[in-house]
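# Structural features, examined
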Amino acid sequence: QVQLVESGGGLVQAGGSLRLECAASGTIVSDNAMGWYRQALGNQRDLVAAITLSGSTNYADSVKGRFTISKDNTKNTIYLQMNSLKPEDTSTYYCYARGRLYRYWGQGTQVTVSS
C-alpha cells in the first residue's frame, strides 16, 4: 500500500517561509526518487524540486536559492523548505514518489502567498 501525505501548507505573506512535509509509507523514500510538483488552478503541474536515491537535488529555476528539498530515510519523510516566498508561488503542492514504471502522488497541500 502506497501512501503519501503532505502537510505544512498555509497562508503567508510575501517574504515569509513555510516548510512542507510529505510522510510516506513503508520504505518509499529510500527506494524511490522523490520530489515536489505544484499546480496552480488552470495550469499544468510543474516540477519544483527533486531528490534522488543518493540525495542529489534539482530545482526549477524559479525556486533556486529559495527552496530546499531534503529527506530523512529513517522517518520515511521528505521536506520542502520554502523561503522568501512570492505570490507566484501560490499553488497546490504535491509530493511524489517515482520509480521507473510508476509514479505515486499525494493529495496535495495548499500554499497561498499574499502580497
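Owing to the predicted nature of the structure, the values given are computational and were not obtained by experimental measurement.

This next bit is on the pattern of salt bridges. Applying the stated rule across the entire model yields three salt bridges. One salt bridge connects Arg-38 with Asp-89, and the closest N-O pair in it is separated by 2.9 Å. One end of the pair, Arg-38, is in strand E4 (residues 33-39); the other, Asp-89, is in the loop between strand E8 (77-82) and strand E9 (91-98), and 51 residues separate them in sequence. The class for Arg-38 is buried, based on a relative accessible area of 13%. On the basis of relative accessibility, which here comes to 0%, the residue Asp-89 falls in the buried class. Residues joined by salt bridges that share partners form a network here, namely Arg-38, Arg-66 and Asp-89.

Under the criterion given, the structure shown has one disulfide. Each sulfur in the disulfide pair Cys-22 and Cys-95 lies 2.1 Å from the other. Looking along the S-S bond of the Cys-22-Cys-95 disulfide, the torsion reads about -80°, which is the left-handed sense. Linking Cys-22 in strand E3 (residues 18-24) with Cys-95 in strand E9, this pair joins segments that are 73 residues apart in sequence. By the burial criterion, Cys-22 is buried, and Cys-95 matches it.

Here is what the cut-offs are and how they apply
Residue positions are given per chain, counted from 1 along the sequence in the order it is written. With the structure being a predicted model, the display of local features is reserved for residues of pLDDT at least 70 and the display and counting of side-chain atom pairs for 80 or more, all residues being used for whole-chain, interface and lining totals. Side-chain descriptors were evaluated using all non-hydrogen atoms of the structure, hydrogens and water having been removed beforehand. A pairing counts as a salt bridge when a side-chain nitrogen of Lys or Arg comes within 4 Å of a carboxyl oxygen of Asp or Glu. Strands here are runs of E lasting at least two residues and helices are runs of H or I lasting at least four, both read from the DSSP assignment and numbered beginning at the N terminus. Between buried and exposed lies partly exposed: a residue is buried under 20% and exposed over 50% of the maximum accessible area for its type, with that area taken using a 1.4 Å probe on protein chains only. Disulfide assignment relies on a single distance test, namely cysteine sulfur atoms paired within 2.5 Å.

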